[in-house]
Amino acid sequence: MAFGRERVELKTLEQVRVMRRAGLVVADVLAAVRASARPGMTTADLDVVASGVIDAAGATSNFLGYHGFPATICTSVNDEVIHGIPGPRVLQAGDVVSVDAGAFVRDAAGKGWHGDSATTFILGADGTLPSGSPDADPADDALVRATEAAMWAGIAALAQRGRLNDVGRAVEAALEVAGAATGQELGIVEEYVGHGIGSAMHLPPDVLNYATSSRGIPLKTGMCLAIEPMVTRGSGQTRELADGWTVVTSDGSRAAHWEHSVAILEDGITVLTAPDAGAERLAALGVDVVSVD
Ligand code: MG
Ligand code: MG
């Protein structure tokens, strides 16, 4: 990733439109999982919901079989940060549940174009709690909301069309503001990063979630990037479990993960995996989005 020498795939508007189709499937997956999650369900049950949505849309999971990954979504609960494997774990009220989903759809030539998005929610007795719910642990709710806000700040930074690491600087700054507001220590996970996306789920460049002295490559029309901060209530240090996938916090603190796939277009940005293309959240940050629908 250093020095910007790697090739970054630039998409045509037509290719971005196919990616939008994939992005909306992924949005539907996450909405269905959020709506169906209940205490007593297993994480494998959530995976069944996800695969049903992808199948019904005529899309294809890009997680299933990825380097041998055995499921359609990643379900990462409490101290699990990312890459949790759906299985027999039974969800409980109070759990902080991160769900990461992806799918691709094919263009007229049969080439696959990918979407990738993640959300984190807190489970209440009757299902997913709304943001700010008094039934949620306030520190967990602050973590989830701060991570989501940091993601939107990182996405908004793309609209300035400066350089790649403007994203990481914006993510870090947003988390500092959120942490100061609540007095809560928040740790950015630095070992895992966002990425380019398009004809594959993971493409160059890496998208850091923290500021560095390097500003990174210039942002250009046709770049599509997955912005995905991972944040913990502790140090941000992580380790991988013996299953070879699940990443947990080293200190046992709870973690959140939010992600959207975003396209940089001639006239602005569009959030491919948000049903409204990011219009509502980005308007609050002074950014108008472009629609490709
Ligand atoms: Mg993802
Ligand atoms: Mg990703």
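For the structure, see preceding data.
Criteria and thresholds
Residues numbered from 1 in each chain as written. Chains lettered and ligands numbered in written order. Predicted model: local features only at pLDDT ≥ 70, side-chain atom pairs only at ≥ 80, totals over all residues. Heavy atoms only, no water. Donors = N, O, S within 2.8 Å, 3.2 Å for Na, K, Ca; no water. Helix = DSSP H or I, 4+ residues; strand = E, 2+ residues; numbered from the N terminus. Phe/Tyr/Trp six-rings, centres within 6.5 Å; stacked < 30°, edge-to-face > 60°. Pairing = 2+ DSSP bridges. Axes fitted to C-alpha atoms, helices over the stretch in contact; angles between N-to-C directions. Buried < 20%, exposed > 50% of the residue type's maximum accessible area, 1.4 Å probe, protein only. Parallel < 35°, antiparallel > 145°, perpendicular 65-115°, else oblique. Left-handed = near helix turned anticlockwise from the far one by under 90°. Contact = heavy atoms within 4.5 Å. Polar contact = N/O pair within 3.5 Å; in protein donor to acceptor, adjacent residues only side chain to side chain.

A few words now on the coordination of the magnesium ion (ligand 1). With distances of 2.0 to 2.5 Å, the protein atoms coordinating the magnesium ion (ligand 1) are Asp100 (OD), Asp100 (OD), Asp116 (OD) and Glu259 (OE). Written as a sequence motif, the donor residues of the magnesium ion (ligand 1) are D-x15-D-x142-E. Separating the magnesium ion (ligand 1) from the magnesium ion (ligand 2) is a gap of 3.2 Å, which Asp116 spans by donating to each of them. In this pair, Asp116 is assigned in strand 5 (residues 112–124) and Glu259 in the loop between strand 14 (255–257) and strand 15 (260–265), connecting sequence segments 143 residues apart.

Below, the discussion takes up the packing of aromatic side chains. Applying the stated criterion across every chain, the model contains one aromatic pair. Ring centres of Phe69 and Trp245 lie 5.0 Å apart, and the angle between their planes is 80°; on these two criteria the pair is classed as edge-to-face. Placement of Phe69 in the loop between strand 1 (60–61) and strand 2 (73–77) and of Trp245 in the loop between strand 12 (238–240) and strand 13 (247–249) is noted, with a sequence separation of 176 residues between them.

Strand order in this open sheet of three strands is 3-13-12, and the pairing throughout is antiparallel. Pairing within the sheet leaves two strands with one partner each, and these edge strands are strand 3 (80–82) and strand 12. Neighbour to neighbour, the strand axes of the sheet diverge by 40° on average, direction disregarded. Here strand 12 runs beside strand 13; their pairing, made up of three bridges, is antiparallel. Within strand 13, the position partnered with Glu240 by the bridge is Val247.

The protein atoms that coordinate the magnesium ion (ligand 2) are Asp116 (OD), His195 (NE2), Glu228 (OE) and Glu259 (OE), at distances spanning 2.1 to 2.3 Å. Here the donor residues of the magnesium ion (ligand 2) are spaced in sequence according to D-x78-H-x32-E-x30-E.

In this section: the pairing of strand 2. Of all five residues in strand 2, five are buried; the element is thus mostly enclosed. The alternating pattern of strand 2 places Ile73, Thr75 and Val77 on one face and Cys74 and Ser76 on the opposite face, and all of these are buried. Bridge analysis of strand 2 against strand 4 (residues 96–106) gives five bridges, and the strand direction is antiparallel. From the neighbouring strand, Ile73 faces strand 4, where its bridge partner is Ala101.

Take the packing of helix 3 (residues 138–158) against helix 4 (residues 166–182) next. The contact between helix 3 and helix 4 brings their axes to 8 Å, and the two run at 150°. Classified by the angle between their axes, helix 3 and helix 4 sit roughly antiparallel to one another. The handedness of the crossing between helix 3 and helix 4 comes out as right-handed. For the pair formed by helix 3 and helix 4, the contact residues are Ala142, Ala146, Thr147, Ala149, Ala150, Ala153, Gly154, Ala157 and Leu158 on the first element and Asp166, Val167, Ala170, Val171, Ala174, Leu175, Ala178 and Thr182 on the second.

Moving on, we come to the environment of Asp95. For Asp95, the location among the structural elements is in the loop between strand 3 and strand 4. For Asp95, a relative accessible area of 6% puts it in the buried group. In this structure, the C-alpha to C-alpha distance between Asp95 and Glu259, residues 164 residues apart in sequence, is 19 Å. When sequence neighbours within four positions are dropped, the list of residues in contact with Asp95 reads Val77, Asn78, Val90, Phe121, Ile122 and Leu123. Separated by 2.8 Å, the side chain of Asp95 and the backbone nitrogen of Gln92 make a polar contact.

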